[in-house]
Amino acid sequence: MTPSGHRRLILTRHTKSAWDDPGTADHDRPLNQRGRRAALELGEWLNSRGYEPDQVLCSTAERTKETWSRMAAAPLEVTPKVEFLSALYHAAPDVMLKYLSKATGDCVMMIGHNPGIAEFAARLPARLPVDPDFQRYPTGATLVVDFQIDNWAAIKAGSGSVLDFFVPSGRD
């Protein structure tokens, strides 16, 4: 839970997807085994840190939906409102900002795709995380950023404070 006058954003790139069937449309690609393990690890990490969203804005791609489903299988204490938005499928940062500015949760998670999610993550904090993985924002990368705002419509680039950055391993 975030204090009054604060909003928290959790920006997650979907975990590793399967490429074993060349006939599968990009939008319909599921996670592979590593991606499934990484998504569960990510959910457990979020829970262990108390970073639990009360609202989730998720691309409609199969791999993003499955990432959320596996993350939510971890022992989360909060049941968020989940919205699957086709506009977030390979969305550019300005589209992500448009949907985030309409969010109603205090702690919002967005699950999307590169390159848009990496670009969005780089625009929001006042200081970027010192982590070699941040620039490439690999699958499962998750940035947690706090903002001193009363509502999401007031969000501005370069105004967030980074709390954490995490990349799950997806290993057993």
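To start, this report covers the structure provided alongside it. All residue numbers refer to positions counted from 1 along the written sequence of the respective chain. Confidence filtering applies because this is a predicted model: local features only for residues at pLDDT of at least 70, side-chain atom pairs given and counted only at 80 or more, and all residues used for totals across whole chains, interfaces and linings. Water and hydrogen atoms were dropped before computing side-chain values, which therefore reflect all heavy atoms in the structure.

### Points about the state of the cysteines
Here's step 1: Throughout, disulfides are identified as pairs of cysteine sulfur atoms within 2.5 Å of each other. Per the counting criterion, the structure on display carries 0 disulfides.
Here's step 2: Just so you know, Cys-58 is unpaired, no disulfide at all, and the nearest cysteine sulfur is the one on Cys-107, 15 Å from it.
Here's step 3: Relative accessible area serves as the criterion here: at 0%, Cys-58 is assigned to the buried category.
Here's step 4: Buried means the residue's accessible area, taken with a 1.4 Å probe over protein chains only, is under 20% of the maximum for its type, while exposed means over 50%, and partly exposed covers the values in between. By relative accessible area, which is 6% here, Cys-107 ends up buried.

### Thoughts on the sheet that holds strand β1 (residues 7–13)
Here's step 1: Strand order across the open sheet formed by 6 strands is β3-β2-β4-β1-β5-β6, with mixed pairing between neighbours. What marks the edges here is a single partner per strand, and that holds for β3 (81–85) and β6 (161–166). For this sheet, the mean angle separating the axes of adjacent strands, direction not counted, is 15 degrees.
Here's step 2: What makes two strands pair is DSSP finding at least two bridges between them. Secondary structure elements follow DSSP: runs of H or I of four or more residues count as helices, runs of E of two or more count as strands, with numbering from the N terminus. Pairing analysis gives 6 bridges linking β1 to strand β4 (residues 107–112), with the strands arranged parallel. Its bridge partner lying in β4, Leu-11 is registered against Met-110. Axes, fitted as lines to C-alpha atoms, cover a helix only where it is in contact. Angles between the N-to-C directions of the axes lie from 0 to 180 degrees.

### Considering helix α1 (residues 33–49)
What sets the pattern is the α-helix's 3.6 residues per turn: residues three or four places apart point alike.
Here's step 1: A helix's residues, less one, multiplied by 1.5 Å, set its expected span. The end-to-end C-alpha distance of α1 is 25 Å, a good match for the 24 Å that 17 residues give at a rise of 1.5 Å each.
Here's step 2: The contact definition used throughout considers only heavy atoms, calling two residues in contact when any of these lie within 4.5 Å. Check the buried side of α1 and you find it contacts β1, α2 (62–72), β4, β5 (142–147) and β6.
Here's step 3: What qualifies as a polar contact is a pair of N or O atoms within 3.5 Å, subject to a donor-acceptor requirement within protein and to the restriction that residues adjacent in sequence count only when both atoms come from side chains. Residue Asn-32 occupies the N-cap position of α1, its side-chain oxygen lying 3.1 Å from the main-chain nitrogen of Arg-34.
Here's step 4: In the segment just after α1, Gly-50 is the residue with positive phi, at about 80 degrees.

In short, the description is geometric, and any link to function would need to be established separately.
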